[in-house]
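# Tertiary structure, described
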Amino acid sequence: MFLSTKSAALAAVLAFTSVTSAIDLVVKPSGGNVSISLYGLMHEDINNSGDGGLYAELVRNRAFQGSNEFPSSLDGWSTTNNDTKLTLQKLATPLSSALPYSMNVAASKPGAKRLGFSNDGFWGMDVRPQKYTGSFYVRGATKKGAKFTASLQSGLTGDVFGSVEVKSKLDQKVKEKDNGWVQHTFTLVPKKAAPNSNNTFVIEFDTASLAEGTTSLDFNLISLFPPTYKNRPNGLRPDLVEALKELNPKFLRLPGGNMLEGLTIDHWWKWNETIGPLKDRPGMAGVWEYQLTTGMGLLEYMQWCDDLDLEPMVAVWSGLALDGTFLPKEKIHLAVQHALDEIEFLTGDAKTTKWGAVRASLGHPKPWKVRWVEIGNEDWLAGRPAGFDSYKEYRFQAFLDAFTEKHPDIQIIASPSIFDDMVIPAPAAGDTHPYWEPDQFILEGFNRFDQLTKQNLTLIGEAASVHPNGGLGWDGPRSHLPWWAGSVAEAIFLIGAERNADRIIGATYAPILRSQDRWQWAMTLIQHAADPKLTTKSTSWWVWKLLGNHVIKETLPTTHTNGEIGPLYWVAGKGHKGEKIWKGATYNGTEPIPVTIKFEADKKSIKQVVVGGIKKLLGIPTKATLWTQTGPGYLKEEDMYAVNLPDVNVVTEKKTVLTADKDGVFKFEMEPLSVAVLEA
């Protein structure tokens, strides 16, 4: 059994049903509430979901960025032969103040003829016949006509899949402002595909090409991109963007999660250090055990919004770090101004505002529209109770006052919610992050938002089933992948949220991505590797996709003449084109549940006609499409805990066209542990 036995009360509420009554539903034509609920995305660089994931850069440790927590190193780099020596150096004339370290390439012994180095990528590189765009900076001197060779090779056999000669520019006069550094660019098209992703990127040159008196060259910011989504420079990985697009998201919470807060009060996600040329981005100490390049910075997030037609939900630093330190009251204005500057950068006029002009100088003269700004991330957690107290006493209010004055049209969201023991001051909204067991999503989650008033606007900024029922909870490990029963429980929670859609801003699963090679949080919508063929859409991805692709604009009341809510849970409403929508999910039971649904029409719009001697009602839907999702089963524990793998999808989705009977009633069955959407 997948249900816990914590108490007799819980067992009574969530007990298996061996004999299931039919559920007869009538959906009223009006009387609900107008929905503001949207399904969206949230992203922070965890699990190498940015660097090595969504951010399409193939070269790992491309600019030798480091921090106190993760010192600069040559990790990822190797020599291609015994004649080459690689040394990490901090030059007096670095590529930039943001990138002080570089890699020196020299001969390891006299008489060396060819030097080379390779990068193994983020656990490999996908190689196929397509255009790769690369660049690297070099400092030193070469003879006229000198060339570098860039290639993609097998890391196992050394086979070369494609190579290109890059003419050296080091024989030309170098601009003084560049400190002797010269960028070289190239395109590389492999002649054949690699049989696997165990491949490397290689750069080589002859020692004979070095100018007289030159014994080595310095390299930095060595980059290689495959084709990106919509061919954007410094862009995103197409297969992962497409998988996210299929969810039909409407907003992006950026940058979400702990990444915003940073590890210390001095090292947090500073938006102004994530814009501009890559050579001017220092990166930051990531909060999930690795250094970040911030190549996927604020502008890249906004371009992601543009490409998927997402509304940005911008999270700003609130003056709290993960180590529990926070800005005192006399310094909170510094964080407030930093946030105001960020919004000016995004929304300010290019001609009349300082930061709007900076945005325009970076190629984005047209401002973006920002309707949502969240102050911090989980400020109830780090440094509690002092950190949370400071948020309630002065930090949040300082932001609210400033934004109310400067941007009264922006909806401010507090990072806690009323469920976190905080009274959210008007006109702000709150943010709740339920990471629960499946049972909790049913017992507490389905009706959780019934108590909200319209003044208690709430964002479900992060949510997921993370622990099995009856386990150790946060005292034990999280599950290794989303599992079918947990995903169904998420669906029921979301259905409960949609029933209160005039009080719920939106909902996002979190985290959305993780590498299959290194992760810190296993439960994600999508898992990826260097090889796109291994991209895996989890059981939760399927559930969130189904619900997110059928958007209810206005909820509609329902009555039921037989049966009760549970084990079948539902919501009904109208879509943006007037279509009638019903969403349902079953959590417990051992037998299918017969369901009948009738969509009542406004009496003024109903007409009765006789066709072929048969009475028919016009104005009531007669055709509907039913989408159902089921797992591999519901009686065996292994079926309930079934997960998706690169070559296994345990979710079966079926699409069926239904015809109503003469009374306008649609009839179908819901299997135990299933999710469905009916649209008429």
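Residues numbered from 1 in each chain as written. Predicted model: local features only at pLDDT ≥ 70, side-chain atom pairs only at ≥ 80, totals over all residues. Heavy atoms only, no water.

Turning our eyes to something else, we now look at the pairing of strand 30 (residues 568-574). Most of strand 30 sits out of view: 6 of its 7 residues are buried. In terms of strand pairing, strand 28 (residues 554-555) meets strand 30 through 2 bridges, oriented antiparallel. Residue pairing for strand 30: Glu554 is matched across the bridge by Lys574. Pairing between strand 30 and strand 31 (residues 580-586): 7 bridges, direction antiparallel. The partner of Gly573 across the bridge, within strand 31, is Ile581. Hairpin connection between strand 30 and strand 31: a loop of 5 residues separates the two successive antiparallel strands, and Gly578 in this loop has a positive phi of roughly 90°. (Buried < 20%, exposed > 50% of the residue type's maximum accessible area, 1.4 Å probe, protein only. Helix = DSSP H or I, 4+ residues; strand = E, 2+ residues; numbered from the N terminus. Pairing = 2+ DSSP bridges.)

Turning to the packing of helix 8 (residues 484-498) against helix 9 (residues 539-548), a few remarks are in order. Following both chains from N to C, one finds helix 8 and helix 9 inclined at 25°, their axes separated by 8 Å at the closest point. Comparing their axes, helix 9 and helix 8 come out roughly parallel. Seen along the crossing, helix 8 lies across helix 9 with a hand that is right-handed. Contacts from Trp484, Ser487, Glu490, Ala491 and Leu494 in helix 8 reach Thr539, Ser540, Val543, Trp544 and Leu547 in helix 9. (Axes fitted to C-alpha atoms, helices over the stretch in contact; angles between N-to-C directions. Parallel < 35°, antiparallel > 145°, perpendicular 65-115°, else oblique. Left-handed = near helix turned anticlockwise from the far one by under 90°. Contact = heavy atoms within 4.5 Å.)

Pairing within the open sheet is mixed, and its 3 strands lie in the order 25-26-27. The open sheet is flanked by strand 25 (513-515) and strand 27 (536-537), the only strands paired with a single partner. Here strand 26 (residues 526-528) pairs with strand 27 via 2 bridges, running antiparallel. By the bridge assignment, Gln527 is partnered in strand 27 with Thr536.

Turning our eyes to something else, we now look at the packing of aromatic side chains. Under the definition given, this model contains 32 aromatic pairs. Each ring, one from Phe136 and one from Phe219, has its centre 6.0 Å from the other, and the planes form 40°; the classification is tilted. Here Phe219 lies in strand 13 (residues 216-225) and Phe136 lies in strand 8 (residues 132-139), a separation of 83 residues in the sequence. By relative accessible area, Phe219 is classed as buried at 0%. Arranged with centres 6.4 Å apart and planes meeting at 65°, the rings of Phe599 and Phe666 form a pair that is edge-to-face. Placement of the pair is Phe599 in strand 32 (residues 593-599) and Phe666 in strand 37 (residues 665-670), with a sequence separation of 67 residues. For the pair shown, Phe599 and Phe666 are each scored as buried. Through successive ring pairs, a cluster of aromatic residues spans Phe64, Trp77, Phe117, Phe136, Phe148, Phe186, Phe201, Phe205 and Phe219. In this arrangement the basic side chain of Lys392 is found over the ring face of Phe388, its NZ or CZ atom lying 4.2 Å from the centre. (Phe/Tyr/Trp six-rings, centres within 6.5 Å; stacked < 30°, edge-to-face > 60°. Lys NZ or Arg CZ within 6 Å of the ring centre and 35° of its normal.)

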